[in-house]
Every structure is written in structure tokens, then in C-alpha cells.
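So you can see what is in the structure, the chains are spelled out below.
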Amino acid sequence: MQLSTFRKNILSLVLVLAFSGATQAQQNIQEQFDQFYANETSSWQEYKLVKMPKLKNFWKIVADTIKVKEGKIASARAEVKSLKGELDAINVQLEETQASLAASEELNDSIAFIGIEMSKSAYNAFVWLIILVLVVGIASLYLIYMRNNKITREARKLLAKVEEEYTAHQEKARENQTKLKRELQTALNTLQEHRIKI
């Protein structure tokens, strides 16, 4: 788009220069004709008389001026043609550059992840999804750990209480057993005393 505007500007500039040269030539010829008409002609009734050598000389000047201007116009046309060729080459180069840029942008916009080609936006979404899953997983594991830790502490307290009760029960059973053994011994002693007396 910019190159077409650039091309139009160059062509406009060259055409303006060429036409301004042609206009300047016309002005010069017009001035020369006015000067020739005023100085080199004479009047007879309603006619203007011109001497043939002076008319030929004037026409030679006009022809030389036109030849110079035509040379300039041809040169300007050749320059326009050359500029057009350069512009076409620049257009081709620009198209190649744009194609290369598009390929580069496409390459820069894609990422290979675990052997899968994906766009950067898809890659970002995928990475954030993995991070979110990991955060949810870690939070879940932490909550499970805290719950299990609470259950373990309660179980340990309960176990300590049961052990206390078991120890107390064991102590009581030992005391009862000792008491029973004493009572049995006392009964045996009493029984033996009764036998001895009989």
C-alpha cells in the first residue's frame, strides 16, 4: 500500500517536471514569437509581412528549442521507465520480505511442546491449566494431610487414654490377684490349722 503511494508520488513528480519543462518551453517560444512579431514584422494593410530569412531563422530557433525540450521529455520518460523498473524490483523485494515476515511471525507464534506444535496462546493456556491442576492437587493433598493428621492425633490421644485405662486395669487386676492370693493363703492357712487341731 505504501509502495503504490510512493510510486504515484514519483510518477507525479516526474510528470510535473516534464510538463513544467514543456510549459517553460512554450513560454520561451511564445516570448520569442512575441518578440519576433513585434520587431521582425512589418504591416501592410491588415497583413503582417515577414522576411523569409528571418522567418527561417525564427523557425530554426523554434525547432532547436522543441528538439531540446523533446530530448528532455525523452530523458524524463527514460527516467520514469527506470524508476518504474526500480519500483517493480522494490515491490518484488517487499513481497518477498512480507512473505518472510509472515513465515517468521508464524514460526514465532508457535511452540513445540512435548512434540506437539501449538500457538503461544494455546501453550500459555495449557501451562496455566497445568499450574492450576497442580495447585488444586497440592491444596487437596494438604487438606487430606491436615485431616489425616487430625485423625492421627485424635487416635493417639484415644490410644494413650486406652493405654492408661489398660494400665490402671492391669494394676487393679494385679492388686485383686494379690488380694485373692492373700485371701487364698489365709484360707489355706486356716484350713491347715483346722486340720492340725483335728
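In this text the structure is predicted, and so the values were computed from the model without any measurement.

Parameters at a glance
Residues numbered from 1 in each chain as written. Predicted model: local features only at pLDDT ≥ 70, side-chain atom pairs only at ≥ 80, totals over all residues. Heavy atoms only, no water. Helix = DSSP H or I, 4+ residues; strand = E, 2+ residues; numbered from the N terminus. Buried < 20%, exposed > 50% of the residue type's maximum accessible area, 1.4 Å probe, protein only. Contact = heavy atoms within 4.5 Å. Areas by Shrake-Rupley, 256 points an atom, 1.4 Å probe, with all protein chains shown as cover. Salt bridge = Lys/Arg side-chain N within 4 Å of Asp/Glu carboxyl O. Pairing = 2+ DSSP bridges. Polar contact = N/O pair within 3.5 Å; in protein donor to acceptor, adjacent residues only side chain to side chain. Patch = residues over 30% accessible without salt bridge, like charges linked within 9 Å, V, L, I, M, F, W, Y side chains within 5 Å. Expected span 1.5 Å × (residues − 1). 1 Å grid on protein atoms, 1.4 Å probe; cavity = no way out; pocket = protein on both sides within 12 Å on 5 of 7 lines; lining within 4 Å. Points joined across faces, edges and corners; volume = space filled by probe spheres on them. Nonpolar A, V, L, I, M, F, W, Y, C, P; charged D, E, K, R; others polar. pLDDT = per-residue confidence, 0-100.

Considering the overall build of the chain
When its secondary structure is counted, the chain shows three helices and four strands. Across the 198 residues in the chain, those meeting the buried criterion constitute 9%. A separation threshold of at least 6 residues defines the contact pool for the chain, and within that pool the share at least 24 residues apart is 47%. Accessible area of the chain: about 17300 Å², with a carbon and sulfur share of 61%.

Side note on the pattern of salt bridges
Taken as a whole and judged by the stated rule, the model has one salt bridge. Between Arg174 and Glu171 there is a salt bridge; the shortest N-O distance is 3.0 Å. Highlighted residues: Arg174 and Glu171, both in helix H3 (residues 120–197), separated by three residues, approximately one helical turn. With relative accessibility at 44%, the residue Arg174 sits in the partly exposed group.

A look at the pairing of strand S2 (residues 47–50)
Alignment of strand S1 (residues 41–44) against S2, held across four bridges, turns out to be antiparallel. Along S2, the bridge assignment pairs Ser43 with Lys48. Turn length for the S1-S2 hairpin, with the two strands adjacent in sequence and antiparallel, is two residues, and the turn residue Gln45 shows positive phi of about 50°.

A look at the side chain of Thr65
Positionally, Thr65 belongs in helix H2 (residues 52–109). Looking at Thr65, the relative accessible area reads 15%, which means it is buried. There is a polar contact of 2.8 Å between the side chain of Thr65 and the backbone oxygen of Ile61. Once residues lying within four places of it in the same chain are set aside, the contact partners of Thr65 are Ile29 and Gln32.

Brief notes about a nonpolar patch on the surface
A contiguous nonpolar patch, built from Ile114, Phe126, Leu129, Ile130, Leu132, Val133, Leu134, Val136 and Ile138 and spanning about 870 Å² of accessible area, is present on the exposed surface. Among the residues examined, Ile114 registers a relative accessible area of 68% and is labelled exposed.

Comments concerning H2
For H2, spanning 58 residues, the distance from its first C-alpha to its last is 82 Å, which sits close to the expected 86 Å at 1.5 Å a residue. Looking at H2, one finds that the buried residues are Phe58, Val62, Thr65, Lys69, Ala76, Val80, Leu87 and Asn91.

Let's talk about the layout of surface pockets
Size it by volume and the second largest pocket reaches roughly 160 Å³. Only helix H1 (2–39) and H2 provide two or more residues apiece to the lining of the second largest pocket. Residues of the lining of the second largest pocket, tallied by class, amount to three nonpolar, four polar and two charged.

Regarding the confidence of the model for the chain
On average, residues of the chain score 81 in pLDDT, and 85% of them reach the 70 mark or higher. In the model of the chain, H1 stands out as the element of lowest mean pLDDT, 57, in contrast to H3, which has the highest, 90. Segment residues 13–23: pLDDT under 50, and five contacts once partners within four positions in sequence are set aside and those in other chains are kept.

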